[in-house]
Amino acid sequence: MHFPTWALAGFWGLVSGSALMLGAAIGYYAHVSQRLIAAVMAFGSGVLISTLSLELMEDAYRKGGFDSAAYGFFGGAAVYTLANWILSHAGAKHRKRSGTQQHEERQKTKSSDDKSAASSDKDNSMAIALGALLDGIPESIVIGLSLLAGGTVSTVAVVAIFLSNLPEGLSSAAGMRKAGRSPGFVLALWTGIAVISGIASLAGYSIFSHFSPDVIAVTTAVAAGAVLAMIADTMIPEAFEVAHNFTGLITVIGFLVAFYLSKMGD
């Protein structure tokens, strides 16, 4: 049975996003040790760094040259950094942390707000949700864009994003549990992000399928820049918090795994 390409884009985006739900369930209910979470976060960081450098930026350079790739890459990082800065001041600074940081941030948000505790809690929850959305959308758009090349999805991109989403959901959910978040809130949040990931992937294909290679190149580079900024701002700090000197080694292993996957078809 032949499925339309736009449907495949949404499906693969949903598949990669489902890792967030799986990771969140494990992180909330399994009580995974922080050392293991840190190691998995470092591994996921390496996977993503490999993918954005060997797949995304290379593709952006081939389609639009260095200027398009560079402008898009810097622009994506700048936009992500600005949005992340705003959300951090709204109570979502530690959304990926598995320790007690989310609990401390939640209490700080409550105590600094003149409104009722319930209202400030709602504000903090919204910031957490928007932060998770900010982290997930660039990755998902990449999957949709990968289908523009020849109608087939980049297996490396799907596997890499799946492998990186798993520790993201795991670490964040573990921190949310320690912050007193209900399982309903945690699972509903990551289920919603997974569904939006599918929609973002579908949009990445549908919207940009009619644009020039230069526009696609810039968009791919924007997503790559946002992903790298996300890794540096949210994933590496969580990994280094516990893994310390082993963070670099584990990140390199993740990079090599994604590098191997990218070369399997050569």
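Residues numbered from 1 in each chain as written. Predicted model: local features only at pLDDT ≥ 70, side-chain atom pairs only at ≥ 80, totals over all residues. Heavy atoms only, no water.

An unreviewed UniProt entry lists the chain under the name ZIP family zinc transporter, with Hymenobacter jejuensis as the source organism.

**Q** Tell me what's going on with the UniProt feature "transmembrane region" (unreviewed entry) in the chain, and back it up with residues and numbers.
**A** Residues given the UniProt feature "transmembrane region" (unreviewed entry) here are residues 6-29, 36-57, 69-87, 141-164, 184-208, 215-236 and 242-261. Between the first and last C-alpha atoms of residues 69-87 the distance is 27 Å; the span itself is 100% helix and 0% strand. Structurally, residues 242-261 is divided into 85% helix and 0% strand, and its ends, taken at the C-alpha atoms, are 28 Å apart. (UniProt positions renumbered as here; feature names shortened; annotations may be inferred. Helix = DSSP H or I, 4+ residues; strand = E, 2+ residues; numbered from the N terminus.)

**Q** Which residues make up helix H1 (residues 5-29), and what values do they have?
**A** Taking 1.5 Å as the rise per residue, H1 with 25 residues should run 36 Å; its terminal C-alpha atoms sit 37 Å apart, in good agreement. Listing the buried residues of H1 in full gives Ala-9, Gly-10, Gly-13, Ser-16, Gly-17, Ala-19, Leu-20, Gly-23, Ala-24, Gly-27 and Tyr-28. (Expected span 1.5 Å × (residues − 1). Buried < 20%, exposed > 50% of the residue type's maximum accessible area, 1.4 Å probe, protein only.)

**Q** Kindly report on the confidence of the model for the chain, identifying the contributing residues and their values.
**A** This prediction gives the chain a mean pLDDT of 81; 83% of its residues lie at or above 70. Least confident of the elements in the chain is helix H3 (residues 101-112), whose mean pLDDT is 63; most confident is helix H8 (residues 247-263), at 89. Across residues 116-123, confidence stays below pLDDT 50; counting only partners more than four residues off in sequence or on other chains, it has nine contacts. (pLDDT = per-residue confidence, 0-100. Contact = heavy atoms within 4.5 Å.)

**Q** Tell me about the nonpolar core, and name the residues and values.
**A** Looking at soluble globular proteins, one finds that nonpolar side chains tend to be buried together. By size, the foremost hydrophobic cluster in this structure holds 32 residues, and its most contacted members are Ile-37, Leu-48, Leu-52, Tyr-80, Ile-231 and Met-235. Excluding its chain neighbours within four sequence positions, the residues that come into contact with Leu-52 are Met-57, Phe-73, Ala-224, Val-227, Leu-228 and Ile-231. Formed by 11 residues, the second largest nonpolar core is a distinct cluster that contains Ala-24, Met-176, Val-186 and Ile-193. (Core = buried A, V, L, I, M, F, W, Y, C linked by side-chain atoms within 4.5 Å.)

**Q** Run through unusual backbone geometry, naming residues and quoting values.
**A** With a phi close to 55°, His-31 is a non-glycine residue in the positive phi region. Note on placement: His-31 falls in the loop between H1 and helix H2 (34-92).

**Q** I'd like a description of the environment of Ala-60, backed by residues and values.
**A** Along the chain, the position of Ala-60 falls in helix H2. Note on Ala-60: relative accessible area 0%, which makes it buried. In this structure, the C-alpha to C-alpha distance between Ala-60 and Ala-221, residues 161 residues apart in sequence, is 5.9 Å. Excluding residues within four positions of it along the chain, Ala-60 makes contact with Gly-65, Ala-69, Ala-217, Thr-220 and Ala-221.

**Q** Could you give an account of the side chain of Thr-234, naming the residues involved and the relevant values?
**A** As for its placement among the helices and strands, Thr-234 is situated in helix H7 (residues 213-243). Owing to a relative accessible area of 5%, Thr-234 belongs among the buried residues under this scheme. Engagement of the side chain of Thr-234 in a polar contact is seen with the backbone oxygen of Met-230, the distance being 2.7 Å. (Polar contact = N/O pair within 3.5 Å; in protein donor to acceptor, adjacent residues only side chain to side chain.)

**Q** Describe a nonpolar patch on the surface, naming the residues involved and giving the relevant values.
**A** A contiguous nonpolar patch, built from Leu-14, Ile-137, Val-195, Ile-196 and Ile-199 and spanning about 380 Å² of accessible area, is present on the exposed surface. The dominant element in the nonpolar patch, judged by the number of residues it contributes, is helix H6 (residues 183-208), at three residues. Relative to the helices and strands, Ile-199 resides in helix H6. (Patch = residues over 30% accessible without salt bridge, like charges linked within 9 Å, V, L, I, M, F, W, Y side chains within 5 Å. Areas by Shrake-Rupley, 256 points an atom, 1.4 Å probe, with all protein chains shown as cover. Salt bridge = Lys/Arg side-chain N within 4 Å of Asp/Glu carboxyl O.)

**Q** Describe the packing of aromatic side chains, with residues and values.
**A** Scanning all chains against the criterion turns up three aromatic pairs. Judged by centre distance (5.0 Å) and plane angle (70°), the rings of Phe-11 and Trp-12 are edge-to-face. Arranged with centres 5.2 Å apart and planes meeting at 70°, the rings of Tyr-28 and Tyr-29 form a pair that is edge-to-face. For Tyr-28, a relative accessible area of 11% corresponds to the buried category. (Phe/Tyr/Trp six-rings, centres within 6.5 Å; stacked < 30°, edge-to-face > 60°.)

**Q** Describe the pattern of salt bridges, and please don't skip the residues or the numbers.
**A** Taken as a whole and judged by the stated rule, the model has two salt bridges. The partner of Arg-62 in a salt bridge is Asp-59, with the nearest N and O atoms 3.3 Å apart. Highlighted residues: Arg-62 and Asp-59, both in helix H2, separated by three residues, approximately one helical turn. In this structure, Asp-59 engages Lys-63 in a salt bridge whose closest nitrogen and oxygen atoms are separated by 2.7 Å. With Asp-59 and Lys-63 both in helix H2 and four residues apart, this pair spans about one turn of that helix. Through salt bridges with shared partners, one network takes in Asp-59, Arg-62 and Lys-63.

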